[in-house]
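Overview (structure and organization)
In case you want the letters, here they are:
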Amino acid sequence: MQFLEARGLPTRKDERYKYTDVAAVLEPDFGLNLGRLSLQFDPRQTYRCRVPGLGSSVHYVVGDSVAESNVLIDDGSLFVGSMVEFAQRYPDILRAYYNKVEGDSLAALNTLLVQDGLVIRVAKGRKVADLLQIVNLSVGSVPMLANRRQLIIMEQGAEASILNCNHSATRCSNLATEVVEGVLAEGSHLQYYSVEETTNNCNLLNTTQFVQHESSKLDYASITLNSGLSRRTINITLDGTHAQTAVSGLVLANDNRHIDNNLLVVHNAPLCSSDILYKYVLDGSSIGAFAGKVLVNAQAQKTDSQETNANLCVSPTARMFTQPMLEIYADDVKCNHGSTVGQLDDTALFYMAQRGITPEEGRLLLQQAFAWDVLQRIDLLPLRQRLMHMVEERFRRGAGACGDCVMCAG
Amino acid sequence: MLEIKNIHASVEGKEILKGINLSVKAGEVHVLMGPNGSGKSTLSNVIVGNPQYTVTAGTITFNGKDLLAMPPEDRSHEGIFMSYQQPVEIPGVSMNNFMRAAVNAKRKYQGLPPISGGDFLKMVKEKRELVGLDAGLTRRSVNEGFSGGEKKRNEIFQMAMLEPLLTILDETDSGLDVDALRIVAEGFNKLRTPDTAAICITHYQRMLDYIRPDIVHVMLDGRIVRTGGPDLAYRIESEGFDWLKE
Ligand SMILES: Nc1ncnc2c1ncn2[C@@H]1O[C@H](COP(=O)(O)OP(=O)(O)OP(=O)(O)O)[C@@H](O)[C@H]1O
Ligand SMILES: [Mg+2]
């Protein structure tokens, strides 16, 4: 709160916000659901969003409210449920982990306005077999601002996979602020995948922060299939030795979409690795931005870091801003970073045409191959296949067609 | 089958083909020889409709249809196949997906439903064996990291999959070792029928020992300067092209 007052919201003069105008996103007069009105909406009827071949437990967040129809899980070693509930049952744990994002006015704004959120806590040694799925739905018959929050606590040796999906059930313009905070204790392993498939009316301001301790392993991926303006600020701090992090991003954008991923990976301990891959496929007059900074502090000797940002501009009016950065204060490290912006390969397109493949199909195959490369990094095979299918459908039928939900199919 | 009349073509404003006339009938195998840069690959590319090459005059018909009016994919669907001198690598697109898209595109053109997964795999296996292509290669990205010889073999595999009426082999023999050349040439021969024809571009006699051409043409500086029987190829092998330049 104090930070928000002192600094105000970010402007394009802020280094980390130079590609996205936050003030413009916040400008419309949004409604806030302060009265905690129950939204007469049963997400289970419309949004099944299943991943074939994977057992999963699904939890809905409708607007900014954790859905009442969710089945609360609290078996002693796994908690999945609302933050309000968690605060009553485990106030000390909540206090220890909640609201640790620093220096981020948008996260501070979210903290100020947020009324509930989801907590996933996996206790020491618990290995969760099922996929934990969170479905966030934008709703409302007037423009709404939804403030969402997630807290993920991975205790020692815990393992879990989380799939976070953003969908929209409204044609009204709306904005979601999201803060995802996660802590990975020693030896824990978290796979966190976020899929954004809303509409061009849905803007998103997301701040994601993970702190990793010794020998923990994080696989993070955000996949933007469709959205309005989308901005993700991702901060990953490697505080314990031998921590590994793999950060991936896939962005498919068309029309006048604006997608900005801003990543900061801080190496504070020796022998850690970070492996970053972001790919954008930009069509229409869309604008993509990627800034990824890997900061290797003096004590982080033997850091192994790889950062790649590859982009495909398939239309002449699409634009990409890319800025991979390395800042190294240790002397014994192995770090690489690079970025490319390219067009579809005409020689390959003609080779395919000679084999009878139409230019449309050829373009599809090339874009899909470019995009699938990111999904290869997803270990859960059924999920990877599902996402590959969604990407293919997205290219084949245009934005907003995942093929499973009533909303999308309609 | 193929009638080329007075074709002139240029690349980047420079005229490469300066009036080509060529007639290929079903059942025939033609050989096209000529020094480096004489325009052999350019002629092949003009036939398949590579947009890098501009036809400035002349006509080409294929089974009576105006070929130059057709987009490249339709020329393929009509039955024209070019085995590339330098096959193209397509990272990330698997051979299987690529071939399946190609087979289904042709089926769609013919008004047929897409091929079933099982039938497709059966077809791949059969054709692969015909040209001796390693099973692992069909699971990899198109030509990516293939050796020179594997790429050429892969071209003939694709030919086998698409069963063209007219095949243009642009130096398919170069880059193949002696055994591979025999396997590929034998595969090519097995695919021949009285309804198919081929234009084989080569610098070497070796390939011709297997495929037994009917007619040999020699190209010099964008023109066909001599047409003859198979003995013409033997003479070029021993004497070169100088005697043809007056
Ligand atoms: N895409 C291109 N861009 C520029 N020049 C080209 C292109 N393709 C062909 N040329 C030029 O056209 C001429 C004929 O080339 P072409 O490839 O047809 O020769 P070729 O007879 O196939 O030779 P080789 O036996 O070496 O394969 C050459 O001078 C070549 O440099
Ligand atoms: Mg050539």
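Computed from a predicted structure; not experimentally measured. (Residues numbered from 1 in each chain as written. Chains lettered and ligands numbered in written order. Predicted model: local features only at pLDDT ≥ 70, side-chain atom pairs only at ≥ 80, totals over all residues. Heavy atoms only, no water.)

On to the overall build of chain B. The helix and strand inventory of chain B stands at nine helices and twelve strands. A compact globule built from 246 residues should have a C-alpha radius of gyration of about 18 Å, and chain B, at 18 Å, falls within 12% of that. With the principal axes as the frame, chain B shows a C-alpha extent of 60 × 40 × 35 Å. Counting the 246 residues in chain B, one finds 53% classified as buried. Counting contacts in chain B only where the partners sit at least 6 residues apart, residues at least 24 apart contribute 68% of the total. By element, 49% of the accessible surface of chain B is carried by carbon and sulfur atoms, the whole surface being about 10700 Å². Charged side chains in chain B number 29 positive and 32 negative. The centres of these two groups are separated by 3 Å. (Helix = DSSP H or I, 4+ residues; strand = E, 2+ residues; numbered from the N terminus. Rg over C-alpha atoms; globule rule 2.2 N^0.38 Å. Buried < 20%, exposed > 50% of the residue type's maximum accessible area, 1.4 Å probe, protein only. Contact = heavy atoms within 4.5 Å. Areas by Shrake-Rupley, 256 points an atom, 1.4 Å probe, with all protein chains shown as cover. Lys, Arg positive; Asp, Glu negative; His and termini not counted. Charge placed at Lys NZ, Arg CZ, Asp CG, Glu CD.)

What follows concerns the packing of helix α3 (residues 95–109) of chain B against helix α4 (residues 117–131) of chain B. Residues and elements named next belong to chain B. Where α3 contacts α4, the axes come no closer than 11 Å and their chain directions differ by 110°. With respect to α4, the axis of α3 lies roughly perpendicular. Every residue of α4 that contacts α3 at Asn-96, Met-99, Arg-100 and Val-103 is listed here: Gly-117, Phe-120, Met-123 and Val-124. (Axes fitted to C-alpha atoms, helices over the stretch in contact; angles between N-to-C directions. Parallel < 35°, antiparallel > 145°, perpendicular 65-115°, else oblique.)

This paragraph deals with the interface of chain A and chain B. Counting residues at the interface gives 17 residues for chain A and 29 residues for chain B. The largest share of the area that chain A buries against chain B comes from Phe-350, Tyr-351 and Arg-355 of chain A, three residues that together contribute 42% of it. Put simply, Arg-355 of chain A and Glu-155 of chain B hold a salt bridge, and the shortest N to O gap is 2.6 Å. For the side of chain A that touches chain B, the secondary structure elements donating two or more residues are α7 (346–354) and α8 (359–375) of chain A. By residue number, the principal contributor to the side of chain A that touches chain B is α7 of chain A, which donates seven residues. Its residues assigned to classes, the side of chain A that touches chain B comprises eleven nonpolar, four polar and two charged. (Buried area = accessible area lost by both parts, 1.4 Å probe. Salt bridge = Lys/Arg side-chain N within 4 Å of Asp/Glu carboxyl O. Nonpolar A, V, L, I, M, F, W, Y, C, P; charged D, E, K, R; others polar.)

Positive phi values are uncommon outside glycine, yet Leu-271 of chain A reaches one of about 65°. In this fold, Leu-271 of chain A is placed in the loop between β15 (258–267) and β16 (273–282). Positive phi values are uncommon outside glycine, yet Glu-163 of chain B reaches one of about 45°. Note on placement: Glu-163 of chain B falls in the loop between α6 (148–162) and β9 (166–170).

Okay, the pattern of salt bridges next. Residues and elements named next belong to chain A. With the rule as written, the count across this model stands at 30 salt bridges over all chains. Across the salt bridge formed by Arg-95 and Asp-92, the nearest N and O atoms sit 3.3 Å from each other. Residue Arg-95 and its partner Asp-92 are located together in helix α5 (residues 91–97), separated by three residues, close to a single helical turn. Pair check on accessibility: Arg-95 and Asp-92 agree, each one exposed. Across the pair Arg-396 and Glu-392 runs a salt bridge, and its minimum N-O distance is 3.1 Å. Placement of the pair is Arg-396 and Glu-392 together in helix α9 (residues 381–397), with a separation of four residues, close to one helical turn.

Further remarks concern the confidence of the model for chain A. All names here are of chain A. Residues at a pLDDT of 70 or more form 93% of chain A, whose mean pLDDT is 90. The element-level mean pLDDT for chain A is lowest in helix α10 (residues 406–409), coming to 38, with β16 highest at 98. This model gives residues 401–410 a pLDDT under 50, and the stretch forms 23 contacts once residues within four places in sequence are excluded. (pLDDT = per-residue confidence, 0-100.)

Residues and elements named next belong to chain B. Sheet architecture is open: four strands sit in the order β2-β1-β4-β5, paired in antiparallel fashion. The outermost strands of the open sheet, each flanked by one partner alone, are β2 (14–24) and β5 (65–66). Across the sheet, helix α1 (residues 40–48) is in contact with β1 (2–11), β2 and β4 (53–62); its angle to β4 comes to roughly 65°. (Pairing = 2+ DSSP bridges.)

Here we come to the site of ligand 1. Residues and elements named next belong to chain B. With respect to spatial proximity, 17 residues lie near ligand 1, and among them Gly-37, Lys-40, Ser-41, Thr-42 and Tyr-53 are the closest. Side-chain polar atom of Asn-36 to an oxygen atom of ligand 1: 3.0 Å apart, as the coordinates give it. Within the backbone of Gly-37, one N or O atom sits 2.8 Å away from an oxygen atom of ligand 1. Isolated, ligand 1 exposes 630 Å² of accessible area, and the fraction of that covered by the protein chains is 70%. Looking at the shell around ligand 1, the elements that each hand over two or more residues are β2 and α1. Sorting elements by how many residues they give to the shell around ligand 1 places α1 first, with three residues. Tallied by class, residues from the shell around ligand 1 come to four nonpolar, nine polar and four charged. (Near = heavy atom within 4 Å. Polar contact = N/O pair within 3.5 Å; in protein donor to acceptor, adjacent residues only side chain to side chain.)

Around the magnesium ion (ligand 2), the protein contributes the donor atoms Ser-41 of chain B (OG) and Gln-85 of chain B (OE1), which lie 2.0 to 2.2 Å from the metal centre. Separated by 44 residues along the polypeptide, Ser-41 of chain B in helix α1 and Gln-85 of chain B in the loop between β6 (80–83) and β7 (90–94) bring together distant segments of the chain. (Donors = N, O, S within 2.8 Å, 3.2 Å for Na, K, Ca; no water.)

Now for the side chain of Glu-196 of chain A. Residues and elements named next belong to chain A. Along the chain, the position of Glu-196 falls in strand β10 (residues 189–197). In terms of polar contacts, Glu-196 uses its side chain to reach the side chain of Ser-230, at 3.0 Å. Once you skip the residues sitting within four places of it in the chain, Glu-196 turns out to touch Asn-166, Leu-204, Ile-223, Thr-224, Leu-225, Asn-226, Ser-227, Ser-230 and Arg-232.

So, on to the pairing of strand β3 (residues 29–33) of chain B. Where a strand is regular, its side chains alternate between the two sheet faces. All names here are of chain B. Burial within β3 is extensive, with five of its five residues counted as buried. Burial of the side chains of β3 extends over both faces: Val-29, Val-31 and Met-33 are buried on one face and His-30 and Leu-32 on the other. Pairing of β3 with strand β10 (residues 197–201) involves four bridges; the strand directions are parallel. The partner of Val-29 across the bridge, within β10, is Ala-198. Pairing analysis gives four bridges linking β3 to strand β11 (residues 215–220), with the strands arranged parallel. From the neighbouring strand, His-30 faces β11, where its bridge partner is Ile-215.

Right, let's talk about the packing of aromatic side chains for a bit. Residue and element names in this part refer to chain A. Taken as a whole, this structure holds ten aromatic pairs over all chains when the rule is applied. The interplanar angle of 25° and the centroid separation of 5.2 Å between the aromatic rings of Tyr-19 and Phe-321 together place this pair among those described as stacked. Of the two residues, Tyr-19 is situated in the loop between α1 (2–7) and α2 (22–26) and Phe-321 in strand β19 (residues 319–328); the sequence distance between them amounts to 302 residues. Judged by relative accessible area, Tyr-19 falls into the buried class, the value being 16%. Residue classification places Phe-321 among the partly exposed residues on the basis of a relative accessible area of 31%. With a centroid separation of 5.0 Å and 40° between ring planes, the pair formed by Phe-86 and Tyr-90 is classed as tilted. Taking the relative accessible area as the measure of exposure, Phe-86 reaches 0% and is therefore buried. Through a chain of ring-to-ring contacts, three or more aromatic side chains come together here, namely Phe-79, Phe-86 and Tyr-90. Across the ring face of Phe-370, the terminal group of Lys-279 is positioned such that the distance to the ring centre comes to 4.0 Å. (Phe/Tyr/Trp six-rings, centres within 6.5 Å; stacked < 30°, edge-to-face > 60°. Lys NZ or Arg CZ within 6 Å of the ring centre and 35° of its normal.)

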